[in-house]
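Chain by chain, the residues run as shown.
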Amino acid sequence: MSNRNVSFIVKDQNPLMLRPADTVQTACRKMCERNVGAVLVTDAHAHLKGVFTGRDAVQIIARGGNPASVRLAEAMTPHPDTIAPERTAIEALHMMCDGGYRHLPVVVEGKVVGIVSRSDFKGLELDRFEDEQSLWERIC
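Residues numbered from 1 in each chain as written. Predicted model: local features only at pLDDT ≥ 70, side-chain atom pairs only at ≥ 80, totals over all residues. Heavy atoms only, no water.

S.K.: Sorry if this is basic, but what is going on with the overall build of the chain here?
M.R.: Across its full length, the chain carries 6 helices and 6 strands. Looking at the chain residue by residue over its 140 residues, the buried ones come to 38%. Contacts spanning at least 24 positions in sequence make up 59% of the contacts within the chain whose residues lie at least 6 apart. Of the roughly 8000 Å² of accessible surface on the chain, 51% is carried by carbon and sulfur atoms. (Helix = DSSP H or I, 4+ residues; strand = E, 2+ residues; numbered from the N terminus. Buried < 20%, exposed > 50% of the residue type's maximum accessible area, 1.4 Å probe, protein only. Contact = heavy atoms within 4.5 Å. Areas by Shrake-Rupley, 256 points an atom, 1.4 Å probe, with all protein chains shown as cover.)

S.K.: In this structure, what is going on with helix α2 (residues 24-34)? I would like to understand it.
M.R.: An α-helical segment advances 3.6 residues per turn. Residues three or four places apart therefore align on the same side. Taken together, the buried positions of α2 are V24, T26, A27 and M31. On an axial view of α2, the arc spanned by its buried residues comes to 160 degrees, and they lie on one face. The exposed set on the far side of α2, more than 90 degrees from its buried face, consists of C32 and E33. Looking at the packing, one finds that the buried side of α2 touches β1 (17-18), β2 (38-42), β3 (48-53), α3 (54-62) and α4 (72-75). (Arc of directions from axis to C-beta.)

S.K.: Teacher, can you tell me more about the environment of A21 here?
M.R.: Take A21: it is sitting in the loop between β1 and α2. Residue A21 is classed as exposed on the basis of its relative accessible area, which comes to 52%. Residues A21 and V41 lie 20 residues apart in sequence; the distance between their C-alpha atoms is 9.4 Å.

S.K.: Would you mind going over the pairing of β2 with me for this structure?
M.R.: Looking along a regular strand, one sees the side chains alternate between the two faces of the sheet. Counting buried positions over the 5 residues of β2 gives 5, a clear majority of the element. Covered by surrounding structure in β2 are A38, L40 and T42 together with V39 and V41, the residues of both alternating faces. Pairing analysis gives 2 bridges linking β1 to β2, with the strands arranged parallel. Paired with L18 across the bridge in β2 is V41. At this point the chain moves from β1, through α2, to the parallel β2, and the crossover so formed is right-handed. Here β2 runs beside β3; their pairing, made up of 5 bridges, is antiparallel. Across the sheet, the residue bridging to T42 is L48, located in β3. (Pairing = 2+ DSSP bridges. Right-handed = clockwise from strand over helix to strand, strands pointing away.)

S.K.: So what exactly am I meant to see when it comes to the nonpolar core here?
M.R.: General note: in soluble globular proteins, nonpolar side chains tend to be found buried as a group. Core analysis: the biggest nonpolar cluster contains 14 residues, and V24, A27, V39, V41, F52, L72 and A75 have the highest contact counts within it. Secondary-structure elements contributing two or more residues to this core are α2, β2, α3 and α4. Examining the composition of this core, we find that 3 residues originate from one element, α2, more than from any other. Excluding anything up to four places from it in sequence, V24 contacts F52, I60, P67, V70, R71, L72 and A75. (Core = buried A, V, L, I, M, F, W, Y, C linked by side-chain atoms within 4.5 Å.)

S.K.: What is the right way to read unusual backbone geometry from this model?
M.R.: Positioned with a positive phi, N35 is a non-glycine residue whose angle comes to about 55 degrees. By secondary structure assignment, the location of N35 is in the loop between α2 and β2. With a phi angle near 65 degrees, A46 is a residue other than glycine that sits in the positive phi range. With respect to the helices and strands, the residue A46 is situated in the loop between β2 and β3.

Set out below in structure tokens:
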């Protein structure tokens, strides 16, 4: 199981999804309740509009924004990179590393089916990814 499909990782997932009109405070509360690091911001039909993470919350607060009144539409990362469920764990890790983010929405035809984060990946996948990264650095 050194390179699972992303579909295997998210098969029983119930990702945290909120609407663009929800507040940063609501998102942070729900993230704490669910012990997750990201919210998928969607429309009423689960079409992805953006991602909100703890990093986004810190930026809002640092700029003096009021989490109780700032809407996710203002705080989220709109149009984030996504991955299809048939792609592999290694591909997801490469995307996250190359893009500098820790959460990657899993989407089919614009609809959310899950989200993967670095902590979802197992030892062999991480070892293979790090081996590939090391090889690439030596080549370049």
